[in-house]
Amino acid sequence: MKKFYRYLLMTVLALCLSIPAMAAEAASIALLPLINNVKGDELANQIFYKNAIATINAQQGYTIVDNDNVTAVIEANKNGNQVPSEAALKKIAKDAKVDLVIAVQLDELHDDPVFPSAERILKLTMRGKAVAYNALANKYYQHKIYSDKEIDETLTSRWDWVHEEWGYAVRHEMNAILQVKKIMIDAPKMSKL
């Protein structure tokens, strides 16, 4: 009889421990292809996917959905060379059965020398837009991607500064869409003595 109660207790304990694991389901994400309006810059597409997927995968509770159904829904709701509207994002989320839809558009990405200048300075021109729709919270996100940073030209001779800044912008937008907070922001502020 003791063995029966022991097995019964172990079964109940196993069920109690597995229920929270079954209840926690990852939010599904449809990541739309980059709308790249910069002619001849295919590297921007690769950097977009690399940084967007890495940022999403770094967060717990999210999974990217990529199948034939999602691809067909995205193709049916294309908006030319512009990001989809809020209504189109809602339709994609509903038809593809995903919780979050993300779209990014890149319009300009280049650097130019600044004249007149005592030193050789480059100015970055980056313009674009990021939009998202969260079906769970019924929230629409829209943000302009913009940068006009300047840097000494000699510092950029060993790496692709323009595309590195694009990668930073993609990671920033993904974190903003996923509402990732930095530890320092959430940490309580120390009181002055």
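Note on numbering: residues in each chain are counted from 1, in written sequence order. The predicted nature of this model means local features are confined to residues of pLDDT at least 70 and side-chain atom pairs, given and counted, to a pLDDT of 80 or more, with totals for whole chains, interfaces and linings taken over all residues. Hydrogens are left out, water is left out, and the side-chain values use all remaining heavy atoms of the structure.

### Points about helix α5 (residues 161-177)
Then step 1. Counting from the N terminus, the helices are DSSP H or I runs at least four residues long and the strands are E runs at least two residues long. Take the residue count of a helix, subtract one, and multiply by 1.5 Å to get its expected span. Here α5 spans 24 Å end to end across 17 residues, near enough to the 24 Å set by a 1.5 Å rise per residue.
Then step 2. Summary of the burial criterion: residues with accessible area below 20% of their type's maximum are buried, those above 50% are exposed, and those between are partly exposed, where the area comes from a 1.4 Å probe applied to protein chains only. Among the residues of α5, those classed as buried are W161, V162, H163, E165, W166, G167, A169, V170, E173, M174 and I177.
Then step 3. Of the surrounding secondary structure, the elements contacted by the buried residues of α5 are β1 (27-31), α2 (43-57), β4 (100-113), β5 (121-134), β6 (139-147) and β7 (150-152).
Then step 4. The positive-phi residue at the C-terminal boundary of α5 is Q179, with phi of around 55 degrees. Any two residues whose heavy atoms approach within 4.5 Å are treated as being in contact.

### Thoughts on the packing of α2 against α5
Then step 1. The angle between two axes is taken between their N-to-C directions and runs from 0 to 180 degrees, where each axis is a line fitted to C-alpha atoms and a helix contributes only its stretch in contact. As a packed pair, α2 and α5 sit with axes 9 Å apart at the nearest point and diverge in direction by 35 degrees. The chirality of how α2 crosses α5 is right-handed. In this structure, α2 contributes L43, A44, I47, F48, N51, A52, T55 and I56 to the contact, and α5 contributes H163, W166, G167, V170, R171, M174 and N175.
Then step 2. Of the residues belonging to the contact of α2 with α5, the class tally is 9 nonpolar, 5 polar and 1 charged. Definitions for this section: a left-handed crossing has its near helix turned counterclockwise from the far helix by less than a right angle. A right-handed crossing has that turn clockwise. All amino acids are sorted into three groups, where Ala, Val, Leu, Ile, Met, Phe, Trp, Tyr, Cys and Pro are nonpolar, Asp, Glu, Lys and Arg are charged, and the leftover types, Gly among them, are polar.

### Quick word on the packing of helix α3 (residues 68-76) against helix α4 (residues 86-96)
Then step 1. Where α3 meets α4, the axes come as close as 9 Å, and the angle between the chain directions of the two elements is 155 degrees. Considered as vectors, α3 and α4 are oriented roughly antiparallel to each other. Pair α3 / α4 crosses with right-handed handedness. Facing α3, whose interface residues are N69, V70, V73 and I74, α4 presents I92, D95 and A96.
Then step 2. Along the lines of polarity and charge, the residues of the contact of α3 with α4 split into 5 nonpolar, 1 polar and 1 charged. Every angle not falling under 35 degrees, over 145, or within 65 to 115 is termed oblique; those three ranges are roughly parallel, roughly antiparallel and roughly perpendicular.

### Looking at the nonpolar core
Then step 1. Grouping buried Ala, Val, Leu, Ile, Met, Phe, Trp, Tyr and Cys residues that are joined through side-chain atoms within 4.5 Å yields what is termed a nonpolar core. Judged by nonpolar contacts, the single largest core of 29 residues is most densely connected at F48, I102, L109, W166 and M174.
Then step 2. Among the secondary structure elements, those contributing two or more residues to this core are β1, α2, β4, β5 and α5.
Then step 3. Take this core: its biggest share by element is 7 residues, from α5.
Then step 4. Among the nonpolar cores identified, the runner-up in size contains 16 residues, and V83, A93, V101 and A103 belong to it.

### Brief notes about the environment of L31
Then step 1. With respect to the helices, strands and loops of the structure, L31 is situated in strand β1.
Then step 2. Judged by relative accessible area, L31 falls into the buried class, the value being 13%.
Then step 3. For the pair L31 and D66, spaced 35 residues apart in the sequence, the C-alpha separation amounts to 8.2 Å.
Then step 4. Setting aside anything within four residues of it in sequence, one finds L31 in contact with F48, Y49, A52, I53, I102 and M174.

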